[in-house]
Amino acid sequence: MPEGPALEQMKTLLEQGHLHTVCESADCPNIGECFKNQTCTFMILGNSCTRNCRFCAVSHGIPDSVDGNEPGMVASTAKHLGLKHVVVTSVTRDDLSDGGAEHFASTIRAIREQLPQAAIEVLIPDFKGSKEALQTVLDAKPDILNHNIETVPRLYSTVRPQAIYARSLELIRRVRQSGGGALAKSGLMLGLGEKTEEVLAVMQDLFAAGCQMLTMGQYLSPSAEHLPVVEYIHPDIFQWLKEEALKIGFSQVSSGPMVRSSYHAESSFEKLGHLSI
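As the structure is a computational prediction, the values presented were derived from the model and not from experiment.

For the pair helix α4 (residues 70-81) and helix α5 (residues 101-114), the least separation of the axes is 8 Å and the interaxial angle reads 35 degrees. The handedness of the crossing between α4 and α5 is right-handed. The segment α4 lies against α5, with Glu70, Pro71, Gly72, Val74, Ala75, Ser76 and Lys79 engaging His103, Ser106, Thr107, Ala110, Ile111 and Gln114.

Pasting the structure below:
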């Protein structure tokens, strides 16, 4: 359970920098553990998303203007926390011409300047399939580029109706083909009604696209207004899926009910050592 003092300390620090985290905005169940350990996933480009995926607790609405001071504040806060692995994500900003790619790049550069030894992981939206926007982020040299596939193709129209499975898969493929040095990562939510054979097929698609790191976790409904949980997956099944993913060839797999995209991201990256793309 979350510990009050640890939560309040982190919230105060983030509020002072006018920063958002996906930990808070997405109602992450691991917030107590992560905030206690003084780590978080920064969420840039505001707190309102232009999309309205039915699994996600992040607010949907008209976004605020882009804050030019945000990259520096993320970097200085990460330095204050002594982070060795900095994870940055964002709301989807379909209202911006580049989807917020340059802001991601600015944030990466600011972190590099203040924490030159830290690993940087970015969890990005699909930028509506823009090659140029993706390249802008890759040119800033993140260590890991994560884009979650989220669910199986059959459920896309229900779970993430404004996204396209093939487009997300192509983004992963371009990360690997870019040769820029970033490891390609993706994640799945389970318990939305997918079938085992569909999950295995998505694994194969991701690996064929060049994905090297995979996360799988239990979907939990943020509220009665969101999609209901169809099934609670037994931990043994998560373990079996991890073993199957490793057989397919993924370099690093985190799979379990409480696993989320950036949960224990630092230790997952360290296990890879100096893996080359």
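Turning our attention to the side chain of arginine 160. Structurally, arginine 160 can be placed in the loop between α7 (156-159) and α8 (165-178). No salt bridge is formed by the buried arginine 160; the nearest opposite charge belongs to aspartate 126, separated by 5.1 Å. Polar contacts involving the side chain of arginine 160 include one to the main-chain carbonyl oxygen of isoleucine 149, which spans 3.5 Å.

Moving on, we come to unusual backbone geometry. At phenylalanine 127, a position not held by glycine, the phi torsion is positive, near 50 degrees. With respect to the element layout, phenylalanine 127 can be found in the loop between β6 (119-123) and α6 (131-139). Looking at phenylalanine 127, the relative accessible area reads 7%, which means it is buried. Phi is positive for lysine 141, which is not a glycine, with a value near 65 degrees. Considering the arrangement of structural elements, one finds lysine 141 in the loop between α6 and β7 (144-146). In this structure lysine 141 comes out as partly exposed when scored by relative accessible area, which is 46%.

Contact geometry of α5 with α6 gives a least axis separation of 8 Å together with a crossing angle of 5 degrees. Taken together, the axes of α5 and α6 are roughly parallel relative to one another. Packed against α5, whose contacting residues are Ala101, Glu102, Phe104, Ala105 and Ile108, the element α6 presents Ala133, Thr136 and Val137 at the interface. When the residues that make up the contact of α5 with α6 are grouped by side-chain class, the tally is 6 nonpolar, 1 polar and 1 charged.

Conventions and cut-offs
- Residues numbered from 1 in each chain as written.
- Predicted model: local features only at pLDDT ≥ 70, side-chain atom pairs only at ≥ 80, totals over all residues.
- Heavy atoms only, no water.
- Axes fitted to C-alpha atoms, helices over the stretch in contact; angles between N-to-C directions.
- Helix = DSSP H or I, 4+ residues; strand = E, 2+ residues; numbered from the N terminus.
- Left-handed = near helix turned anticlockwise from the far one by under 90°.
- Contact = heavy atoms within 4.5 Å.
- Buried < 20%, exposed > 50% of the residue type's maximum accessible area, 1.4 Å probe, protein only.
- Lys, Arg positive; Asp, Glu negative; His and termini not counted.
- Salt bridge = Lys/Arg side-chain N within 4 Å of Asp/Glu carboxyl O.
- Polar contact = N/O pair within 3.5 Å; in protein donor to acceptor, adjacent residues only side chain to side chain.
- Parallel < 35°, antiparallel > 145°, perpendicular 65-115°, else oblique.
- Nonpolar A, V, L, I, M, F, W, Y, C, P; charged D, E, K, R; others polar.

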